[in-house]
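Reading the structure
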Amino acid sequence: MTASGARLPCRIHSALGGIQQDARLPGNGSTPTMSNKVEKLIILGTGPAGLTAAIYAARANLNPLVIEGLQPGGQLTITTDVENYPGYPGGIQGPEMMEQFRKQAERFGTRFIQGDCTKVDLTKRPFRLWVGEQILSCHALVISTGASAKLLGIPSEKKLMGYGVSACATCDGFFFKNQEVALVGGGDTAMEEALYLTKMCGKVYVIHRRDKLRASKIMQERALKNEKIRFVWDSEVDEVLGEPGHGGGVKGVRVKNLKTGEKTTLKVTGLFVAIGHQPNTSLFEGQLNTNEAGYLWVKPGSTYTNVEGVFAAGDVADPHYRQAVTAAGTGCMAAIDAERWLAAQGVE
């Protein structure tokens, strides 16, 4: 939270980017209409990855079609100050940034349609995608559907999301210089984020439901030895205290000991939730390979999936970085990979 209580640039919600996790067809059960046109390239997702792919694909004369989904613009449309994206020395508002991405893609001929892709058939080409009451087909597909941060699910967390509650220490830790914050989690990612926060915060309380960590031995040792980290064992967050808006923000976190039932309040100004992410890949189950965590598998050094003509970009295939700039980079890669693949197939 900034000193003024401004909303934080948290990367919380998924870049739904054209998908709906439920594979059932929407509407009143009517039969979808099959489009007669086979698109060269369809892009699922309108976050940094999807829109960057659209820019590059449009400039390569692929005339891409982008399916927007429930959250056009992706995660950055729910943020305020974006200060870590190159080219904006004064920072930029997230929605404004994504609007610029979109305008740039439109400038080169990208087309957009609203709606959610509820079903795909990648077993043969051209690929088929069910979007609302129509079935689209394409020679190549770029998937940039993002990943959702797993949250605690309590009302106060939702109320203060972006006002001191965050799911990305790398994104938002800068706003808590010399302040005391809390972090929830016990795995490697949680320890990495806690250690990162110690570089700028005065103290970091790590709240964990058990009496020992799930993190690897080396990460445990690093965290346990750090003088700025204090562990709150066998506990969970009962309530995040504070109010959103200008001058508001997190004023404390009430935790409950799961063994004794005792409740105590930590006087912190921020809460980081580090209990994992869920990639938005259920739509592709049984058709595309994933890693153990559910992220789409891509050929190392590329965006190629296990299905020829299908490419993955952004957080949906990135369990490590999950940043706007890395998503944009893989969006560029996906467009170039798709263009070269289409050329090799003789698709003009």
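Overview of the structure. (Residues numbered from 1 in each chain as written. Predicted model: local features only at pLDDT ≥ 70, side-chain atom pairs only at ≥ 80, totals over all residues. Heavy atoms only, no water.)

**Some thoughts on the packing of helix 5 (residues 188–197) against helix 6 (residues 217–225)**
Two elements in contact, helix 5 and helix 6, have axes whose closest approach is 10 Å; the angle formed by their N-to-C orientations is 35°. Considering only the axes of helix 5 and helix 6, their crossing is left-handed. Of the residues in helix 6, those touching helix 5 at Asp188, Met191, Glu192 and Leu195 are Met219, Arg222 and Ala223. The class makeup of the residues in the contact of helix 5 with helix 6 is four nonpolar, no polar and three charged. (Axes fitted to C-alpha atoms, helices over the stretch in contact; angles between N-to-C directions. Helix = DSSP H or I, 4+ residues; strand = E, 2+ residues; numbered from the N terminus. Left-handed = near helix turned anticlockwise from the far one by under 90°. Contact = heavy atoms within 4.5 Å. Nonpolar A, V, L, I, M, F, W, Y, C, P; charged D, E, K, R; others polar.)

**As for the nonpolar core**
Ranked by internal contacts, the top residues of the largest apolar core, which has 31 residues, are Leu41, Ile43, Tyr85, Met97, Val142 and Phe311. Looking at this core, the elements with two or more residues in it are strand 1 (33–44), helix 1 (48–59), helix 2 (94–107), strand 8 (134–143) and helix 7 (324–345). The leading source of residues in this core is helix 7, at eight residues. Filtering out sequence-adjacent residues up to four positions away, Phe311 remains in contact with Ala140, Leu141, Val142, Ile143, Thr303, Tyr304, Thr305, Ala334, Asp337, Ala338 and Trp341. Ranked by size, the runner-up nonpolar core spans 24 residues in total, among them Leu44, Cys117, Leu136 and Leu296. (Core = buried A, V, L, I, M, F, W, Y, C linked by side-chain atoms within 4.5 Å. Buried < 20%, exposed > 50% of the residue type's maximum accessible area, 1.4 Å probe, protein only.)

**Structural notes on the pairing of strand 1**
Relative to strand 8, strand 1 runs parallel, the two sharing eight bridges. Across the sheet, the residue bridging to Thr33 is Gln134, located in strand 8. Inspection of the sheet shows strand 1 paired to strand 2 (residues 65–67) by three bridges, in the parallel sense. Bridging from a neighbouring strand, Ile42 pairs with Leu65 of strand 2. Crossover handedness for the path strand 1 to helix 1 to strand 2: right-handed. (Pairing = 2+ DSSP bridges. Right-handed = clockwise from strand over helix to strand, strands pointing away.)

**Structural notes on the environment of Gly314**
Counting through the fold element by element, Gly314 comes out in the loop between strand 19 (310–312) and helix 7. Residue class for Gly314 comes out buried when judged on its relative accessible area of 5%. For the pair formed by Gly314 and Cys332, sequence separation is 18 residues and the distance between their alpha carbons is 10.0 Å. If we ignore the near neighbours within four places in the chain, the residues touching Gly314 are Ala49, Ala327 and Thr330.

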